[in-house]
Amino acid sequence: MGRIEDKLHHLKRKGEKALIFYLTAGDPGLEETLEIIRCLDMSGVDILEIGVPFSDPTADGPVIQAASQRALKKNATLSNILDLVGKVRLFSEIPIVLFGYFNPIFIYGCEKFARRAKEAGVDGVLVVDLPFEESHELKRHTDALGIDFIALIAPTTSDERIRNISAHAGGFLYYISITGVTGTSKPQPDDVRKEVSRIKKITALPVVVGFGITTPQEAAQIAVWADGIVVGSAFVKLIEENSGKADMIAKAASFAKDFDKAIG
Amino acid sequence: MKKSLPDNQGHFGDFGGRYAAETLMPALIELEAAYNGVKKDKAFQKDFQYYLKQYAGRETPLYFAARLTEKLGGAKIYLKREDLSHTGSHKINNTLGQALLAQRMGKKKVIAETGAGQHGVATATAAALFGMECHVFMGEEDIVRQAPNVFRMKILGTEVIPVSSGTATLKDAMNEAMRQWVARVRDTFYVIGTTAGPHPYPMMVRNFQSIIGKETKKQILKAEGRLPDVIIACIGGGSNAMGIFYPFVHDVMVKMIGVEAAGKGISTGLHASSISSGKIGVLHGNKTYLLQDENGQVHDAYSIAAGLDYPGVGPEHSYFHASGRAEYVNVTDEEAIEAFLTLSRFEGIIPAMESAHAVAYTMKLAPKLDKNQIIIINLSGRGDKDAQVITEIMERSR
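So, here's what we can say about the structure. (Residues numbered from 1 in each chain as written. Chains lettered and ligands numbered in written order. Predicted model: local features only at pLDDT ≥ 70, side-chain atom pairs only at ≥ 80, totals over all residues. Heavy atoms only, no water.)

This part covers the overall build of chain A. Regarding its fold elements, chain A presents 12 helices and 9 strands. What you see for chain A is a C-alpha radius of gyration of 17 Å, in line with the 18 Å of a compact globule of 264 residues. By principal-axis analysis of the C-alpha atoms, chain A measures approximately 45 × 40 × 35 Å. A total of 264 residues make up chain A; the buried ones form 61% of that total. Contacts in chain A between residues far apart in sequence, at least 24 positions, make up 74% of those at least 6 positions apart. Total accessible area computed for chain A in this model is approximately 10,000 Å², and 50% of it derives from carbon and sulfur atoms. A distance of 2 Å separates the average location of the 31 positive side-chain charges in chain A from that of its 35 negative side-chain charges. (Helix = DSSP H or I, 4+ residues; strand = E, 2+ residues; numbered from the N terminus. Rg over C-alpha atoms; globule rule 2.2 N^0.38 Å. Buried < 20%, exposed > 50% of the residue type's maximum accessible area, 1.4 Å probe, protein only. Contact = heavy atoms within 4.5 Å. Areas by Shrake-Rupley, 256 points an atom, 1.4 Å probe, with all protein chains shown as cover. Lys, Arg positive; Asp, Glu negative; His and termini not counted. Charge placed at Lys NZ, Arg CZ, Asp CG, Glu CD.)

Structure follows, in structure tokens:
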């Protein structure tokens, strides 16, 4: 059993929900990212999504766009990010998902990427612009090494597509709770409830919900229906606002703990 | 009969495809189904032909450029006069097609990206014609250098939304249009202006633009009794080039040349020659040649011609390059400016800065060919929008 499945099973047995945090690797710098990860690991975060910055993040809102630009200036290449994951594995077994766009992986080489990701200790990959129709090129290599290929489901995804996506996906399904790019509007708990139950009728995979969750209260409302929630832009923004300050890590810790408490 | 491309997932050999976020996938599949539905629908095609003829002014002439031919002293040069189309470029062919399709699909709002503003104006025009709400995304840099087109869009009732990310040019405008489409996908139709983007756009835009090549074929057969030796067109994303090339794809004796922008020179890194000096990658929903660094981060393109200032290229051009069916060359800003002035002064036709790139390569090639050979240039647009920039350059160099 991989780290992701293991963690989700474990939480389910305890009746708890997964708290998933997204951060852009290299913002404000790669060394700081390592410290932030260390802090999140000790503050109740169950799964990490490490964002691999891309020059043209068409599925992201202004907060993550800006973080990606800053990270690229700090040399947050795919290769350096894989090294970073290796360093995390020296102190933590927290499940790690790399989250990004296809081009940096394609240029790196799909086979080489899968091999190095496995060596570094990556558990899953989520490639925003790689729908299952185009996923074979990468997935045959990640599948061979037991890296979960995590897929997105949108409010616009039909039942038939959910069936196809689930058949190709591993780890968990990531339900995009708004029709929009990351961090640009608030999910409606009632819509999320209906949609998550629609997805769960079709697949047995765990369903986590993200895009636009900004407060512990929202997280708590949504966590009732889902197997986990993802906090992304709101956390990236917190880092942006506290970058360079002495208490950045302390703020990150208390931010994560508030979410952990809220979702139970 | 050769197998037609793309395949049913939008692949042209190793290129193209549909690399899009899940929120957009259902919309792209819906669009593909709707487009496939109208392709053979007689009523739709009749409507489309009606607007092309009575509204856009087709067919456009194929004009023998006698003085330019004489000056260059080689092959006979013909100009396919897309500059005479309504709104001043070939872009209207595609926007009329897509707007009619949007109407069929019951979408009342359209969005578009634009570089030079020609596609923006053509979309704003079609939106006004069919009573649709229209938003156009345009880089701040382009808003400054293509100001006349911004005025036109506003007059037509379109909202022009400035994009300040990246280099504030076409790539960034397209990023922002895709983000907005994600947010409004249920009621909004995204009118892409070139033969790029996720499937079905490269195929659909090609088919709407192929009217250019179909007319050209008929016209040159009438004028010369034979097909041309060479067809030359400028390439940004590649819609005017694909429009004129495509109907000649199986006429293997016709050489097709796409002219990319070399900007300040390939060696300076300030250019937009994706095929000549890019590597294969994935951007804006398709796999194609891209200007990018060794880590897969996309470079900003540069060209004096805003409409060529794009780091990618339509996937079918990448396929033509890989298969050798078309040749891709490049010319610098300086060469394009010289061609701009030459065509203006020898033929009384002010070309768009983009189209001037095709003229510039013709000026290199024509003298090397025999007098009985024929070159056709796709003169994709007119240059009124560039008058200010060129005037400033002329005054500086005085």
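There is more to say after this.
This part is about the environment of Ala126(B). Residue and element names in this part refer to chain B. Mapped onto the fold, Ala126 is located in helix 5 (residues 118-130). Take Ala126: its relative accessible area is 1%, and that puts it in the buried class. Between the alpha carbons of Ala126 and Ile349 there is a distance of 26 Å; along the sequence they are 223 residues apart. Look past the residues within four positions of Ala126 in its chain and what remains in contact with it is Thr95, Leu96 and Ala99.

Residue and element names in this part refer to chain B. The strand order 7-6-5-8 describes an open sheet built from 4 strands, whose pairing is parallel. Taken across any chain shown, the strands that pair with only one partner, and hence form the sheet edges, are strand 7 (159-163) and strand 8 (188-190). Taken over all neighbouring pairs, the strand axes of this sheet differ in orientation by 25° on average, direction set aside. One ladder, built from 6 bridges, connects strand 5 (residues 109-114) with strand 6 (residues 133-139); its direction is parallel. Within the sheet, the bridge partner assigned to Glu113 lies in strand 6 and is Phe137. Along the sheet, helix 8 (residues 170-184) makes contact with strand 5, strand 6, strand 7 and strand 8, crossing strand 5 at roughly 160°. (Pairing = 2+ DSSP bridges. Axes fitted to C-alpha atoms, helices over the stretch in contact; angles between N-to-C directions.)

The subject of this paragraph is the nonpolar core. Formed by 113 residues in total, the largest nonpolar core has its most connected members in Phe172(A), Tyr174(A), Leu101(B), Trp181(B), Tyr190(B) and Phe245(B). What Trp181(B) contacts, discounting residues up to four positions off in sequence, is Leu24(B), Ala27(B), Leu28(B), Ile111(B), Thr188(B), Phe189(B), Tyr190(B) and Tyr201(B). Residues Ala71(A), Val192(A), Val207(A) and Ala253(A) belong to the second largest nonpolar core, which totals 73 residues. (Core = buried A, V, L, I, M, F, W, Y, C linked by side-chain atoms within 4.5 Å.)

Here we come to the interface of chain B and chain A. Counting residues at the interface gives 35 residues for chain B, matched by 35 residues for chain A. If you look at where chain B meets chain A, you find 20 residue pairs in polar contact (both at pLDDT 80 or more). Here the side of chain B that touches chain A takes 7 residues from helix 8 of chain B, the largest share from any one element. Among the residues making up the side of chain B that touches chain A, the classes are represented as 15 nonpolar, 12 polar and 8 charged. (Polar contact = N/O pair within 3.5 Å; in protein donor to acceptor, adjacent residues only side chain to side chain. Nonpolar A, V, L, I, M, F, W, Y, C, P; charged D, E, K, R; others polar.)

Helix length check: helix 3 (residues 62-73) of chain A (12 residues) gives 17 Å between terminal C-alpha atoms against 16 Å at 1.5 Å per residue, within 8%. Along helix 3 of chain A, the residues classified as buried are Val63(A), Ile64(A), Gln65(A), Ala67(A), Ser68(A) and Ala71(A). Here the buried face of helix 3 of chain A lies against strand 1 (18-24) and helix 11 (233-242) of chain A together with helix 8 of chain B. The positive-phi residue at the C-terminal boundary of helix 3 of chain A is Asn75(A), with phi of around 65°. (Expected span 1.5 Å × (residues − 1).)

Under the counting rule described, the total for this entry stands at 43 salt bridges over all chains. We note a salt bridge from Lys385(B) to Glu354(B), for which the minimum N-O separation is 2.8 Å. Placement of the pair is Lys385(B) in the loop between strand 14 (374-379) and helix 16 (387-396) and Glu354(B) in helix 15 (residues 353-365), with a sequence separation of 31 residues. We note that Lys385(B), like Glu354(B), is buried. Salt bridges sharing common partners tie together Arg3(A), Arg89(A), Glu93(A) and Asp123(A). (Salt bridge = Lys/Arg side-chain N within 4 Å of Asp/Glu carboxyl O.)

All names here are of chain A. Within the secondary structure, Gly212 is located in the loop between strand 8 (207-210) and helix 10 (216-223). Here the alpha-carbon distance between Gly212 and Val122, two residues 90 residues apart in the chain, equals 25 Å. Non-local contacts of Gly212, meaning those with residues more than four positions away in its chain, are made with Gly183, Ser185, Lys186, Pro187 and Glu218.

Before going further, it helps to spend a moment on the packing of aromatic side chains. Residue and element names in this part refer to chain A. Using the criterion set out here, one finds 22 aromatic pairs over all chains in the structure. Centre to centre, the rings of Phe21 and Phe235 are 4.9 Å apart; their planes meet at 65°, and the pair counts as edge-to-face. Taken as a pair, Phe21 in strand 1 and Phe235 in helix 11 lie far apart in primary sequence, 214 residues in all. For the pair Phe21 and Phe235, one class covers both residues: buried. An aromatic cluster is present here, built from Phe21, Phe235, Phe255 and Phe259 joined pairwise through their rings. Directly above the aromatic system of Phe91 lies the positively charged group of Arg38, at a separation of 4.2 Å from the ring centroid. (Phe/Tyr/Trp six-rings, centres within 6.5 Å; stacked < 30°, edge-to-face > 60°. Lys NZ or Arg CZ within 6 Å of the ring centre and 35° of its normal.)

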